[in-house]
Amino acid sequence: MKQPEMDSDTRPLAIEAHGLVKRFDGTTAVDGVDLAVPEGAIYGILGPNGAGKTTTLRMILGIIDPDEGVRKIFGHERPHDIAKMIGYLPEERGLYPSMKCDDAIAFMGALRGLPKAEGKKRGRELLEAHGLGHAIEKQIRQLSKGMAQTVQLLGTLVHQPKLVILDEPFSGLDAINQGKLETMIRDLAAGGTTVIFSTHVIHHAERLCEGVAIIAGGKVPYAGSVEAARDRIPAQVRLETREREGQWLGALPADHRREGDFFYFPLPETGIEPMLRALIEGNAGIQSLSIERAGLHDAFVDIAGAAAARALEEDNAAEIGA
Ligand code: ATP
């Protein structure tokens with residue numbers, strides 16, 4: 001059930017992966033993943049815990065090598081060759097607690113080839129720009145968890161990477177910091193940076209991403225645009241009529257459902273207008289009409305199955321409860 005990637009997209013690809021496989025001690029963590037992420041896109045890897053998201057991202061980064069398949073980052077088969085163009089926020093957060101914020105950012109930049117002094121200067125500017133000017137001289141251990149995570153994210157960006165890879169970046173952030181992170185991701189993409197992030201929260205992928213790979217059990221049953229995923233399921237029509245009976249009933253699709261004054265049915269392929277004409281001519285007395293497009297959640301259920309969708313929700317509930 002492979003989808004064409006970003007139909008008729010002519011942009012060059014930041015990430016291209018074919019048939020990535022990774023096994024650990026006999027278990028297959030990633031089982032034939034294909035990805036195509038256009039330059040400048042915000043792209044989500046969406047799936048429950050244990051689905052293979054981190055393993056996929058680590059293969060893209062070159063932290064681990066695939067057992068099978070190839071990945072190309074900006075056309076390079078060896079991600080290490082272009083490590084300076086990549087920024088990476090790992091799932092396990094952590095900075096040296098005794099470092100000052102600006103030094104921590106400079107240190108992360110230095111790991112990606114940015115001279116220390118320049119990293120420190122940019123670090124200070126970034127901290128100021130993100131409302132953390134007061135923390136420049138503070139040690140990491142003096143910060144709240146959310147602030148420390150923001151500092152780490154700034155360290156991920158300080159060398160101005162062309163590709164930013166974020167593993168579960170929204171985890172552990174409160175709603176305000178999640179909103180700030182969304183803005184940062186959008187700003188990066190607006191500036192031409194490609195952003196790929198993993199998440200088990202559907203609405204983060206839906207709100208932000210133009211493309212998404214749905215991953216479950218190490219397989220990617222769908223990779224393509226979010227819009228095309230949503231379009232797999234016909235929009236649902238809700239119609240309220242004054243009259244209950246009449247010739248016009250014949251104009252409704254055979255699979256309609258009736259609840260009181262309301263009818264529910266999938267939007268016909270011919271669109272709503274021919275039916276509306278029949279309803280008007282038949283004096284059905286239309287009281288209200290709404291057409292609801294499927295969301296990414298419905299698409300996820302359709303693609304990955306209800307069990308995988310439940311697993312996502314359970315991960316989410318566990319995190320909120322944590
Ligand atoms: P999570 O958000 O929980 O990390 P994930 O989707 O990122 O989930 P992965 O971390 O990629 O999933 O793990 C996929 C599977 O591979 C899991 O069953 C995990 O236990 C296994 N796995 C991952 N890394 C290793 C490893 N180094 N050694 C053995 N098994 C591993």
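Quick caveat, the model's predicted, so the values are computed rather than measured.

Asker: I tried to follow the overall build of the chain on my own but got confused; where do I start?
Answerer: Within the chain, the secondary structure is distributed over 10 helices and 13 strands. Out of the 322 residues belonging to the chain, those deemed buried represent 46%. Pairs at least 24 residues apart make up 69% of the contacts formed inside the chain by residues separated by at least 6 positions. Each charge sign in the chain was given a centre, from 36 positive and 46 negative side chains, and these centres are 7 Å apart.

Asker: What exactly am I supposed to notice about the sheet that holds strand β10 (residues 236-241) here?
Answerer: In a beta sheet, neighbouring strands are held together by backbone hydrogen bonds and run either parallel or antiparallel to one another. Judged by pairing direction, the sheet is antiparallel, and its four strands sit side by side in the order β11-β12-β10-β13 without closing on themselves. Each having just a single partner strand, β11 (257-259) and β13 (286-292) make up the two edges of the open sheet. Recorded for the sheet is a direction-independent mean angle of 20 degrees between the axes of neighbouring strands. Strand direction decides the pairing type here: β10 and β13, joined by six bridges, are antiparallel. Note that in β13 the partner of Glu240 across the bridge is Ser288. Sitting on the sheet, helix α8 (residues 273-281) is in contact with β10, β12 (262-266) and β13, with an inclination near 170 degrees to β13.

Asker: How should the packing of aromatic side chains be read in this particular structure?
Answerer: Note on aromatic pairs: each is described by the distance of the centres and the angle between the planes. All chains considered together, the criterion is met by four aromatic pairs. Centre to centre, the rings of Trp248 and Phe263 are 5.9 Å apart; their planes meet at 90 degrees, and the pair counts as edge-to-face. Linking Trp248 in the loop between β10 and β11 with Phe263 in strand β12, this pair joins segments that are 15 residues apart in sequence. Like Phe263, Trp248 is buried. Centroid distance Phe262 to Tyr264: 6.4 Å. Interplanar angle 35 degrees. Geometry classified as tilted.

Asker: Is there a simple way to think about the packing of helix α4 (residues 145-157) against helix α5 (residues 175-190) in this case?
Answerer: Between two packed helices, what matters for the description is the angle formed by their axes and the separation of those axes. Across the interface, α4 lies against α5 with an axial gap of 11 Å and an inter-helix angle of 10 degrees. When the axes of α4 and α5 are compared, the pair comes out roughly parallel. Contact residues: α4 offers Gly146, Thr150, Leu153, Leu154 and Leu157, while α5 offers Asn177, Leu181, Met184 and Leu188.

Asker: Help me out: how do you make sense of the pattern of salt bridges in this one?
Answerer: Should their charged atoms come close, side chains of opposite charge can pair. All chains considered together, the criterion is met by 25 salt bridges. Among the ionic pairs, Glu206 bridges to Arg230, the shortest N-O distance being 3.9 Å. Placement of Glu206 in helix α6 (residues 202-208) and of Arg230 in helix α7 (residues 226-231) is noted, with a sequence separation of 24 residues between them.

Asker: Can you walk me through the nonpolar core in this structure?
Answerer: Nonpolar side chains in soluble globular proteins generally cluster together in the buried interior. Membership of the largest hydrophobic core comes to 50 residues, with the highest contact counts inside it found for Leu46, Val151 and Ile185. Grouped together as the second largest cluster of nonpolar side chains are 29 residues, Ala14, Ala41, Phe74 and Tyr88 included.

Asker: Can you help me understand the domain arrangement of the chain in this one?
Answerer: You'll often see interface size given as the accessible area lost when the parts meet. The domain boundaries assigned to the chain delineate domain 1 (13-230) and domain 2 (234-292). Its C-alpha centre places domain 1 at a distance of 46 Å from the equivalent point of domain 2.

Asker: How should I be thinking about the site of the ligand in this particular structure?
Answerer: Residues in close proximity to the ligand include Phe24, Ala29, Pro48, Asn49, Gly50, Ala51, Gly52, Lys53, Thr54, Thr55, Glu91 and Glu168, which together make up its full environment. Between an oxygen atom of the ligand and a side-chain N or O atom of Asn49, the distance comes to 3.3 Å. Between the ligand and the protein, one listed contact pairs an oxygen atom with a side-chain N or O atom of Thr54 at 2.7 Å. In the complex, the protein chains occlude 61% of the 620 Å² of accessible area that the ligand would expose alone. Sorting elements by how many residues they give to the shell around the ligand places helix α1 (residues 53-61) first, with three residues.

Cut-offs used in this document
- In every chain, residue numbers begin from 1 and rise along the written sequence.
- Given that this is a predicted model, residues contribute local features only at a pLDDT of at least 70 and side-chain atom pairs are listed and counted only at 80 or more, while totals for whole chains, interfaces and linings are drawn from all residues.
- Hydrogens are left out, water is left out, and the side-chain values use all remaining heavy atoms of the structure.
- Secondary structure elements are defined from DSSP: runs of H or I of at least 4 residues count as helices, runs of E of at least 2 residues count as strands, and each element is numbered from the N terminus.
- Exposure categories follow from relative accessible area, calculated using a 1.4 Å probe and restricted to protein chains: below 20% of the type maximum is buried, above 50% is exposed, and the middle band is partly exposed.
- Every residue pair with non-hydrogen atoms within 4.5 Å of one another is taken to be in contact.
- Counting rule applied: Lys, Arg positive; Asp, Glu negative; His and chain ends not counted.
- Taken as the charge location is NZ of Lys, CZ of Arg, CG of Asp or CD of Glu.
- Here, a strand pair is defined by DSSP locating no fewer than two bridges between the strands.
- Note on definitions: angles span 0 to 180 degrees between N-to-C directions of axes, and those axes are lines fitted to C-alpha atoms, for helices only across the stretch in contact.
- Aromatic rings from Phe, Tyr and Trp, taking only the six-membered ring of Trp, are treated as a pair when their centres fall within 6.5 Å; an angle between ring planes under 30 degrees marks them as stacked, one over 60 as edge-to-face, and anything in between as tilted.
- Put simply, angles under 35 degrees are roughly parallel, angles over 145 are roughly antiparallel, angles from 65 to 115 are roughly perpendicular, and the rest are oblique.
- Salt bridge, as applied in this entry: a Lys or Arg side-chain nitrogen positioned within 4 Å of an Asp or Glu carboxyl oxygen.
- Put simply, a nonpolar core is a bunch of buried Ala, Val, Leu, Ile, Met, Phe, Trp, Tyr and Cys residues held in one set by side-chain atoms that sit within 4.5 Å of each other.
- Boundaries of every domain are those given by an automatic assignment or by a domain database.
- For this description, a residue counts as near a given molecule or strand if any of its non-hydrogen atoms is within 4 Å of it.
- Whenever a nitrogen or oxygen atom comes within 3.5 Å of another N or O atom, the pair is scored as a polar contact, on the condition that within protein one atom can donate a hydrogen and the other can accept it, and that pairs from neighbouring residues in sequence are kept only if both atoms are in side chains.
- Accessible surface is estimated by sampling points in the Shrake-Rupley manner with a 1.4 Å probe; for residues, cover comes only from the protein chains shown.

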